[in-house]
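A structural walkthrough
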Amino acid sequence: MPAVALVVGGCALTGSPAATNTAYTGTDTTPPPGAVAEEQAYERTIAQVLPSIVQITTRGGLGSGVVYDTDGHILTNAHVVGKSKNFEVTLATGGKPRKANLVASYPLGDLAVIRVTDRSGLTPARFGDSTKLRVGQIVLAMGNPLGLSGSVTNGIVSALGRTVTEPQGEGSPGATITNAIQTSAAINPGNSGGALTSLGGEVIGIPTLAAINPDLGGGAAPGIGFAIPSSTAKDVAEQIIKYGRVTNTRRAALGIRVNTVVGPDGQPVGVGVAQVDPNGGSAKAGIRPGDIILSVNGKQTPTAAALSEVLAGLIPGAKASVELLHPDGKTTTVSVTLGVLAGS
């Protein structure tokens, strides 16, 4: 009888089956019942949600989207659609690409809705209530990272209620995202606009950002990604589908146009007021063009992005204490009744 090769722990052993009848007593590789149940939950969730994930192709690249309804609406990120109006959409289940058109983009919240012309065979996702999420909850990120259609990564909800601002640049609207979900599930280029799901098969977020580590030469920081909560995404999607635009951002605003003011040392020193809405709260409080906003409610605002983050945590209709530096060098603090940030 010919000899056979067996591999145990990486070592090749040569012997004859007829000459050896010793039973193998190594570690049992059968997973414990708990692990089997978790694997089955993963498999069930992927089978439920993945048919609702699409690949969106634009002139500038690839991204992901989630089938919102049977009427052909696809929810994605504003930075995925960019300035494009027409797209090709490919279902995770395969088939020929389908033509799609932009319904509306909402760059302030980095969300957009497009609509496919061929609506046959669409599987809308089930959206869950992101306000009920718990830190430590297992989640899956589904999308098309690096063009690898229908990819899935896993992780947990690492933190809730984050406010993060995207870097502004080519393909990025510089949106400030409120109540963002931080997750350890890998979010790679192309995942944007896909789905962050619970093991119950519900979409609870739209993966949007990955943290960057400057010490790694600008590479992605492992295990730190952010998703727009489903409660926000659903609200925006419903407004776009119903009105063709976002009519209520539900975000606070001062009623001014601003820019970051840089000091002699090249460092930002505050937010310069360039224009004031004559009917807004700032005008009524006495804020004028040329003033520099130093802080809001005691929180320093050295840049326009910092001001956006502070305002993102406030409520329209509330009063805010705004510290100002006037052109004559004097500082004052005024109370401003906050308005609503204009939509798309």
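Residues numbered from 1 in each chain as written. Predicted model: local features only at pLDDT ≥ 70, side-chain atom pairs only at ≥ 80, totals over all residues. Heavy atoms only, no water.

An unreviewed UniProt entry lists the protein under the name Putative serine protease PepD, from Sphaerisporangium krabiense.

1. Topic: the environment of Lys284
Along the chain, Lys284 turns up in helix 4 (residues 281-285). When the C-alpha positions of Lys284 and Thr337 are compared, they lie 8.7 Å apart, and in sequence the two are 53 residues distant. (Helix = DSSP H or I, 4+ residues; strand = E, 2+ residues; numbered from the N terminus.)

2. Topic: unusual backbone geometry
Of note, the phi angle at Asp110 is positive, near 50 degrees, even though the residue is not glycine. By the secondary structure assignment, Asp110 is in the loop between strand 7 (98-106) and strand 8 (111-116). Unlike most non-glycine residues, Asn297 shows phi in positive territory, near 55 degrees. Residue placement: Asn297 occurs in the loop between strand 18 (292-296) and strand 19 (299-300).

3. Considerations on helix 3 (residues 230-243)
The terminal C-alpha atoms of helix 3, which comprises 14 residues, lie 20 Å apart, in line with the 20 Å expected from a rise of 1.5 Å per residue. Listing the buried residues of helix 3 in full gives Ser230, Ala233, Val236, Ala237, Gln239 and Ile240. Phi for Gly244, located one or two positions after helix 3, is positive at around 80 degrees. (Expected span 1.5 Å × (residues − 1). Buried < 20%, exposed > 50% of the residue type's maximum accessible area, 1.4 Å probe, protein only.)

4. Focus: the sheet that holds strand 6 (residues 86-91)
Spatially, the six strands close up into a barrel ordered 3-4-5-8-7-6, and their pairing is antiparallel. Strand-to-strand twist of the sheet, defined as the mean angle between neighbouring strand axes without regard to direction, takes the value 40 degrees. As paired elements, strand 4 (residues 62-67) and strand 5 (residues 73-76) share two bridges and run antiparallel to each other. In the sheet register, Val67 faces strand 5, and the bridge partner there is Ile74. On top of the sheet, helix 3 reaches strand 5, strand 7 and strand 8; it is set at about 50 degrees to strand 8, its chief contact. (Pairing = 2+ DSSP bridges. Axes fitted to C-alpha atoms, helices over the stretch in contact; angles between N-to-C directions. Contact = heavy atoms within 4.5 Å.)

5. Regarding the pairing of strand 17 (residues 268-276)
In the sheet, strand 16 (residues 256-262) pairs with strand 17 via seven bridges, with the strands oriented antiparallel. Each bridged residue has a counterpart across the sheet, and for Ile256 the counterpart in strand 17 is Val276. Hairpin remark: strand 16 followed by strand 17, antiparallel, with five residues in the connecting loop; positive phi at Gly266, about 85 degrees. Sheet analysis places strand 17 next to strand 18, joined by two bridges and oriented antiparallel.

6. Here's the deal with the layout of surface pockets
Within this model, the second largest pocket holds a volume of roughly 970 Å³. If you list the elements that add at least two residues to the lining of the second largest pocket, you get strand 15 (252-253), strand 16, strand 17, helix 5 (304-312) and strand 22 (339-340). At six residues, the largest contribution of residues to the lining of the second largest pocket is made by helix 5. Across the lining of the second largest pocket, the residue classes break down as 18 nonpolar, 10 polar and four charged. The two domains that each donate at least three residues to the lining of the second largest pocket are domain 2 (130-243) and domain 3 (249-342). (1 Å grid on protein atoms, 1.4 Å probe; cavity = no way out; pocket = protein on both sides within 12 Å on 5 of 7 lines; lining within 4 Å. Points joined across faces, edges and corners; volume = space filled by probe spheres on them. Nonpolar A, V, L, I, M, F, W, Y, C, P; charged D, E, K, R; others polar. Domains from an automatic or database assignment.)

7. Regarding the pattern of salt bridges
Within the structure shown, the criterion is met by six salt bridges. In this structure, Arg119 engages Asp71 in a salt bridge whose closest nitrogen and oxygen atoms are separated by 3.5 Å. You can see Arg119 sitting in the loop between strand 8 and strand 9 (138-143) and its partner Asp71 sitting in the loop between strand 4 and strand 5, a full 48 residues away along the chain. A relative accessible area of 33% places Asp71 in the partly exposed class. Here Arg126 ties to Glu202 by a salt bridge, and the two come within 3.4 Å at their closest N and O atoms. Of this pair, Arg126 sits in the loop between strand 8 and strand 9 while Glu202 sits in the loop between strand 12 (195-198) and strand 13 (203-213), placing them 76 residues apart in sequence. Connected through salt bridges with shared partners, the residues Asp71, Arg115 and Arg119 form a single ionic network. (Salt bridge = Lys/Arg side-chain N within 4 Å of Asp/Glu carboxyl O.)

8. Quick look at the nonpolar core
Membership of the largest hydrophobic core comes to 31 residues, with the highest contact counts inside it found for Ile53, Val66, Leu75, Phe127, Val203 and Ile206. Secondary-structure elements contributing two or more residues to this core are helix 1 (33-49), strand 7, strand 8, strand 9, strand 11 (176-183), strand 13, strand 14 (219-229) and helix 3. Core analysis: the second largest hydrophobic core is formed by 19 residues, Val271, Ile287, Val296 and Ala320 among them. (Core = buried A, V, L, I, M, F, W, Y, C linked by side-chain atoms within 4.5 Å.)

9. Brief notes about the side chain of Thr208
Tracing the backbone shows Thr208 in strand 13. Overall, Thr208 belongs to the buried group, its relative accessible area being 6%. When neighbours within four sequence positions are excluded, Thr208 is seen to be in contact with Asn77, His79, Asp110, Glu166, Ile177, Ser192, Phe226, Ala227 and Ile228.

10. Here we look at the side chain of Arg251
Here Arg251 is to be found in the loop between helix 3 and strand 15. At 9.0 Å, Glu166 is the nearest oppositely charged side chain to Arg251, a buried residue that forms no salt bridge. Within the structure, the side chain of Arg251 is placed 2.7 Å from the backbone oxygen of Thr176, a separation counted as a polar contact. (Lys, Arg positive; Asp, Glu negative; His and termini not counted. Polar contact = N/O pair within 3.5 Å; in protein donor to acceptor, adjacent residues only side chain to side chain.)

11. A look at the environment of Asn188
Here Asn188 shows up in the loop between strand 11 and strand 12. For Asn188, a relative accessible area of 32% puts it in the partly exposed group.

12. Some remarks on the pairing of strand 4
Among the six residues that make up strand 4, five are buried, leaving the element largely enclosed by the rest of the structure. Relative to strand 4, strand 3 (residues 53-57) is paired through five bridges, and the arrangement is antiparallel. Counterpart to Ile56 in the pairing with strand 4 is Gly63. The turn linking strand 3 back onto strand 4 is made up of four residues, and Gly61 within it adopts a positive phi angle of 155 degrees.

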